Amino acid sequence: MVVSIASDHAGYDLRMTVKKHLEEMGLEVIDGGAVSATEAFSYVEAGKKVATDVVSGKADRGIAICGTGIGISIVCNKFKGIRCALCHDAYTARMCRQHNDANVIAFGGRVIGSAVALGMIDAFFEEEFAAGRHAVRVGDISSIEEVNFK
Ligand code: RB5
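Bear in mind the structure is a predicted one, so any value in this text is a computation, not a measurement.

What counts and what doesn't
- Residues numbered from 1 in each chain as written.
- Predicted model: local features only at pLDDT ≥ 70, side-chain atom pairs only at ≥ 80, totals over all residues.
- Heavy atoms only, no water.
- Helix = DSSP H or I, 4+ residues; strand = E, 2+ residues; numbered from the N terminus.
- Expected span 1.5 Å × (residues − 1).
- Buried < 20%, exposed > 50% of the residue type's maximum accessible area, 1.4 Å probe, protein only.
- Arc of directions from axis to C-beta.
- Contact = heavy atoms within 4.5 Å.
- Polar contact = N/O pair within 3.5 Å; in protein donor to acceptor, adjacent residues only side chain to side chain.
- Core = buried A, V, L, I, M, F, W, Y, C linked by side-chain atoms within 4.5 Å.
- Axes fitted to C-alpha atoms, helices over the stretch in contact; angles between N-to-C directions.
- Parallel < 35°, antiparallel > 145°, perpendicular 65-115°, else oblique.
- Left-handed = near helix turned anticlockwise from the far one by under 90°.
- Nonpolar A, V, L, I, M, F, W, Y, C, P; charged D, E, K, R; others polar.
- Salt bridge = Lys/Arg side-chain N within 4 Å of Asp/Glu carboxyl O.

### Side note on helix α2 (residues 43–56)
Along its 14 residues, α2 runs 20 Å from first to last C-alpha, staying within 8% of the 20 Å computed at 1.5 Å per residue. Taken as a whole, α2 has its buried residues at Ala46, Gly47, Val50, Ala51, Asp53 and Val54. What you see down the axis of α2 is that its buried residues fit within an arc of 160 degrees, all on one side. On its buried face, α2 sits against β1 (2–7), β2 (28–33), β3 (61–66), α3 (70–76) and β5 (104–108). N-capping of α2 is provided by serine 42, with a side-chain oxygen placed 2.9 Å from the backbone N of valine 44. At the exit of α2 stands glycine 57, carrying a positive phi of roughly 90 degrees.

### Concerning the nonpolar core
The biggest cluster of nonpolar side chains holds 22 residues, and the ones touching the most others in it are Val18, Leu22, Ile63, Ile105, Phe107 and Phe125. Core analysis: the second largest hydrophobic core is formed by 16 residues, Val2, Ala6, Cys66 and Ile82 among them.

### Focus on the packing of helix α4 (residues 90–98) against helix α5 (residues 114–126)
Packing of α4 against α5 brings their axes to within 8 Å, and their N-to-C directions diverge by 20 degrees. In this view, α4 runs roughly parallel relative to α5, as classed from their interaxial angle. In this structure, α4 meets α5 at a crossing whose hand is right-handed. Facing α4, whose interface residues are Ala90, Ala93, Arg94, Cys96 and Arg97, α5 presents Gly119, Met120, Ala123, Phe124 and Glu126. Considered class by class, the residues forming the contact of α4 with α5 number six nonpolar, one polar and three charged.

### A short note on the pattern of salt bridges
Tallying each qualifying case throughout the model produces 11 salt bridges. Ionic pairing is found between glutamate 126 and arginine 94, a salt bridge with its closest N-O pair at 3.3 Å. Of this pair, glutamate 126 sits in helix α5 while arginine 94 is found in helix α4, placing the two residues 32 residues apart along the sequence. Look at the salt bridges and you will find they share partners, linking Arg15, Lys19 and Asp31 into a network.

Structural data, given as C-alpha cells:
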C-alpha cells in the first residue's frame, strides 16, 4: 500500500514521527509539505498534495496533519472522491474506516500527542470498511459529489 502524508509547519514534528512508523509498518510513503516546524507552509498546499495523490491513484490512502487538523481536513474534502476524517483518538480512526470508508485521515499536531497519533494510524490501517448499510450511505455521499462537484 502506498500512503501519501503531508503537513504544514504546525504538523511537521508529528508528521516525522508518523512517517517513521509507516515505514516500520512496511508501507510505501510519499512525503510532502513543510520542510521544518519553523518555516511557514500553508495547510492548503499540504492538503492539496495529499488529496491529489489519493484522487490520482498515486497513493491508496492519505494522512493530513496541520495544527488542529481542521483546516487541512476541510481542504481534502473539497476534492471529489476524498472522504477525509478528522480524528482525535483510536476509536474515531477505527470508525472512520468501518462506517465511512475514509481514505484520508486528518489530525492536529498541536492537539494530540505522538502515542495517540500512532494508535490512530494503527487503527486506520487495520480496520476494514464494514460495507452493507454503510456502503449505501457512502454511495449517497458520492451522489452528492456528482451534483455539486462539476
Ligand atoms: C497554522 O498556524 C494553523 O492555522 C494550521 O496549522 C491549522 O491549525 C489550520 O486549520
